[in-house]
Each structure stands twice: as C-alpha cells, then as structure tokens.
Amino acid sequence: MNSTNQQQRVAVYPGSFDPVTYGHLDIIQRAARQYDRIIVAVLNNTSKNPMFSVEERKDILHKVTKDFPNVEVESFRDLLVRFMRMKNASVIIRGIRSVTDFEYELQLASTNHMLDEGIDTVFMMTHPKYSYLSSSIVKEIANFQGDVSQMVPPEVEKRLREKCGPERPLRQ
Ligand code: ADP
C-alpha cells in the first residue's frame, strides 16, 4: 500500500478552551507530532456560562495554532463520537493534570467507548509546569487584573485585558 492510500490518522482534541492556555497549547503541539491531523474542537455548550463566545474562542485558537500546519479548529454541538465519525477521526486526545482529572476523564473515555467502540481516548500527561493551570484560574486572575502572562499566549492576554481591564500592580 503506498502512502496516498494509507488512512490518515485523525485525532480530535475537544474542550471548552474558554480561553486556551499554555497547558492546552502544549498538548496540541505534542499531539500534532503524533497524528497526521489534529482537530481542536470547541464544545458549543449552552449550559456553561462562558467568558468568550464560541466564535471568539475559535478565532483565538486559529491565531495561536497558525504555526502548526496539521492543526485545524472547529466547533461542535453534538455527541462527540458523532462529530468524530463525520470527520473520520478515531482518537480523542485529552490532557491529564491530576488524579482528579483522571477520574473524570476515565468516566468520559469509557462512555465514549461504550457509545462507539471504534473510538479510543489517548491521554497526555500535562507538562509539570502547567499542572496547576486551568482556564477558570486564568479567568479569576484576569478578573482581578492580575498577571496572566505566564499562563496564556499574548493574544489571549490581550483579549482578557479587553474584557477585564488592564493589569494592576500588586503594590500601588
Ligand atoms: P473541558 O471543559 O472539556 O474540561 P477544557 O478546555 O477545560 O475543557 O480542557 C480541555 C482538555 O484539556 C481536558 O482534557 C483538560 O484536562 C485538558 N487541560 C486543561 N488544562 C490543561 C493543562 N494545564 N495541562 C494539560 N491538559 C490540560
């Protein structure tokens, strides 16, 4: 079988990405080395109360992944496994920061596998320097005009400042 006949290995990295952090980006970058195509899939979930709209999140993700040629950005509002069938993807990428993450992720992975046995979840351990990092922590700090420059790319920092106001020094 020559390379043009070979099936592409397509993986989906689903999440809220509200907003994307350096922790997410690290996972995207590492997954992009392992698969032919990575689809970063923003969950369009009406039950959460996001800071950024789905369009804003996609726009940010496009900008911060522009240097990875095999990374695409999409959104979905459906069963993840159905979205994946539509995209010919068979692998879900998820990041693990802690044992707490693992418990929840195991439940998700088992459910998705039960819904569609052709789907597998691959876990990537966080880079230790991002193990504390989450989108909600970033939003809390930005809401109080704290420094988030170590946690998110400059594009995200700029958007957070637009919504939450400029950074204020710790001591006035
Ligand atoms: P969700 O609402 O689906 O948890 P998130 O955007 O919070 O969406 O996270 C998407 C995925 O990225 C999840 O698998 C989560 O565990 C992982 N993730 C989030 N932050 C980090 C981080 N700092 N390091 C590694 N993985 C992370």
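Reading guide: rules and limits
Residues numbered from 1 in each chain as written. Predicted model: local features only at pLDDT ≥ 70, side-chain atom pairs only at ≥ 80, totals over all residues. Heavy atoms only, no water. UniProt positions renumbered as here; feature names shortened; annotations may be inferred. Helix = DSSP H or I, 4+ residues; strand = E, 2+ residues; numbered from the N terminus. Buried < 20%, exposed > 50% of the residue type's maximum accessible area, 1.4 Å probe, protein only. Contact = heavy atoms within 4.5 Å.

As annotated in an unreviewed UniProt entry, the protein chain carries the name Phosphopantetheine adenylyltransferase and comes from Paenibacillus montaniterrae. UniProt annotates the protein chain under Sequence similarities (unreviewed entry) with the comment "Belongs to the bacterial CoaD family." Of the protein chain, the UniProt comment under Cofactor (unreviewed entry) reads exactly: "Mg(2+)".

1. Remarks on unusual backbone geometry
A cis amide bond, omega 0 degrees, links Asp 18 with the succeeding residue Pro 19. Within the secondary structure, Pro 19 is located in the loop between β1 (10-15) and α1 (22-34). The phi dihedral of Phe 17 falls on the positive side, at around 50 degrees, and the residue is not glycine. Considering the arrangement of structural elements, one finds Phe 17 in the loop between β1 and α1. Of note, Gln 145 is a non-glycine position whose phi angle comes to about 55 degrees, a positive value. Along the polypeptide, Gln 145 turns up in the loop between α5 (135-143) and α6 (154-164). You can call Gln 145 buried: its relative accessible area is 16%.

2. Concerning the UniProt feature "site: Transition state stabilizer" (unreviewed entry) in the protein chain
Summarizing the sequence annotation, UniProt attributes the feature "site: Transition state stabilizer" (unreviewed entry) to His 24 in the numbering used throughout. Take His 24: it is sitting in helix α1. Classification of His 24 as buried rests on a relative accessible area of 17%. Setting aside anything within four residues of it in sequence, one finds His 24 in contact with Tyr 13, Phe 17, Pro 19 and Ser 135.

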